[in-house]
Amino acid sequence: GVQMFSGKLANRCYTLLPAATSCDNYSAQPYVNCVAHESGVDAILLSENEDQACGTSSMASWKCSGDQACLVYKNSNYGYTSFDNVWWSWLVIFQTITLETWVPIMYDLIDSVSPASVIWFLPVLF
């Protein structure tokens, strides 16, 4: 899982702010994070998008809309759910084997990587 899914569960849809608006003077909606986007405008992660993983590949099921960008935020479950290294991957394998909260991880991988991510779970479950 580390080689296929490393870094994929941390992506979220950030809303791009208009050019004249910065994070410092934005107050229309509650947001949890603000970053400078490569296009030169600020991007905010709205509270409603905090838990939805997104993908940048053509196979990803959840892609951001036109006024959004898929940028890195943090992994789910306070950073514990990821394939970023072998140790976190073992935790995900343990969750899957014990059938504890493995379904949200699978859905996040489907959204951020591909529906074919389900294939990774089949040998682990059966």
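Look up a bit, the structure's there.
Quick summary incoming for the structure in this document. Since the model is a prediction, treat every value here as computed from it, not as a measurement. (Residues numbered from 1 in each chain as written. Predicted model: local features only at pLDDT ≥ 70, side-chain atom pairs only at ≥ 80, totals over all residues. Heavy atoms only, no water.)

### Structural notes on the side chain of Asn 49
One can find Asn 49 in the loop between strand S3 (42-46) and strand S4 (68-72). According to the relative accessible area criterion, Asn 49 is buried, its value standing at 15%. In this structure, Asn 49 is in contact with Arg 12, Cys 13, Thr 15 and Gln 68, ignoring residues within four places of it in sequence. (Helix = DSSP H or I, 4+ residues; strand = E, 2+ residues; numbered from the N terminus. Buried < 20%, exposed > 50% of the residue type's maximum accessible area, 1.4 Å probe, protein only. Contact = heavy atoms within 4.5 Å.)

### Focus: the environment of Val 92
If you trace the backbone, Val 92 turns up in helix H2 (residues 86-97). A relative accessible area of 0% places Val 92 in the buried class. For Val 92 and Tyr 14, which are 78 residues apart along the polypeptide, the C-alpha to C-alpha distance reads 26 Å.

### Quick look at the packing of aromatic side chains
In this description, a pair of aromatic rings is defined by centroid distance and the angle of the planes. Under the defined criterion, the tally for this structure stands at 7 aromatic pairs. Look at Phe 5 and Trp 120: their rings are 6.4 Å apart centre to centre, the planes differ by 80 degrees, and that puts the pair in the edge-to-face class. Of the two residues, Phe 5 sits in helix H1 (residues 2-5) while Trp 120 sits in helix H4 (residues 118-125), which places them 115 residues apart along the sequence. A residue is classified by how much of its surface remains accessible, and Phe 5, at 3% relative accessible area, is buried. Judged by its relative accessible area of 15%, Trp 120 is buried. A network of ring pairs unites the aromatic residues Phe 5, Phe 83, Trp 102, Trp 120 and Phe 121 as a single cluster. (Phe/Tyr/Trp six-rings, centres within 6.5 Å; stacked < 30°, edge-to-face > 60°.)

### Notes on the sheet that holds strand S2 (residues 31-36)
The strand order across the open sheet formed by 4 strands is S2-S3-S1-S4, and the pairing between neighbours is antiparallel. At either margin of the open sheet sits one strand with a lone partner, and together these are S2 and S4. When the angles between neighbouring strand axes are averaged without regard to direction, this sheet yields 40 degrees. Note that strand S1 (residues 11-16) and S4 share 5 bridges and pair antiparallel. Residue Thr 15 lies in a different strand from S4, and its bridge partner there is Gln 68. (Pairing = 2+ DSSP bridges. Axes fitted to C-alpha atoms, helices over the stretch in contact; angles between N-to-C directions.)

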